Amino acid sequence: MAVRPPTGTINCLALNTHGEISGVTTTSGLAWKIPGRVGDSPIIGAGLYLDQDVGGAGSTGRGEENIRVSGAHTIVENMRHGMAPKEACLDALKRVARNYNNDRSKLLQFDISFYALRRDGDFAGASLWNGHKFAVNDGGASRIEPCTPLLER
């Protein structure tokens, strides 16, 4: 058994040359799950959501918080209504914070990040707390981008 298991969730969103969007979200699997827990990854609209007319979104972090706000679906719907990917992700994070009445002491107990890719290729990553990054490859060399934080530690 691993003494320090790595975090397990990975979200990947892609846009091909035909304008088709695809996505996948993994989960850390049974080995590190609390008995009886269902994470957000298998719940469509929480851990992953795609709409070919708009874009896709996914997440990593505390799945229970994501389930409560239907994070990926919320982000895609925000983009459908004109929000840029970054603003759509930050809005979903604001919903998470609102569930805790924006109480920093409670919010410091967990983290969550959202990722969005719009059909036109615009993308963003945002996290509850600063310090998170995500990988991007838009046809050139892969690179690491910072997530936009909602809050600073």
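Look a little higher up for the structure.
In what follows, the accompanying structure is described. (Residues numbered from 1 in each chain as written. Predicted model: local features only at pLDDT ≥ 70, side-chain atom pairs only at ≥ 80, totals over all residues. Heavy atoms only, no water.)

1. Describing the overall build of the protein
When its secondary structure is counted, the protein shows four helices and nine strands. When the 153 residues of the protein are sorted by exposure, 39% land in the buried category. Summarising the internal contacts of the protein: among those between residues at least 6 apart in sequence, 50% fall at separations of at least 24. Carbon and sulfur atoms make up 54% of the accessible area of the protein, which amounts to about 8,600 Å² in all. (Helix = DSSP H or I, 4+ residues; strand = E, 2+ residues; numbered from the N terminus. Buried < 20%, exposed > 50% of the residue type's maximum accessible area, 1.4 Å probe, protein only. Contact = heavy atoms within 4.5 Å. Areas by Shrake-Rupley, 256 points an atom, 1.4 Å probe, with all protein chains shown as cover.)

2. A look at helix α3 (residues 85-98)
Since the α-helix turns once every 3.6 residues, residues separated by three or four places project in the same direction. An ideal rise of 1.5 Å per residue puts 20 Å on 14 residues; α3 measures up with 20 Å between its terminal C-alpha atoms. Listing the buried residues of α3 in full gives P85, A88, C89, L90, D91, A92, L93, V96 and A97. Residues of α3 that are buried make contact with α1 (63-69), α2 (71-80), α4 (104-107), β5 (112-118), β6 (123-129) and β9 (148-151). (Expected span 1.5 Å × (residues − 1).)

3. Notes on the nonpolar core
Counting residues in hydrophobic clusters, the biggest one holds 24 residues, and the most contacted among them are I75, M79, L93, L107, F114 and L128. Of all the secondary-structure elements, those providing two or more residues to this core are α2, α3, β5 and β6. The element that contributes the greatest number of residues to this core is α3, accounting for seven residues. By size, the runner-up hydrophobic cluster in this structure holds seven residues, among which are L48, L117, F134 and C147. (Core = buried A, V, L, I, M, F, W, Y, C linked by side-chain atoms within 4.5 Å.)

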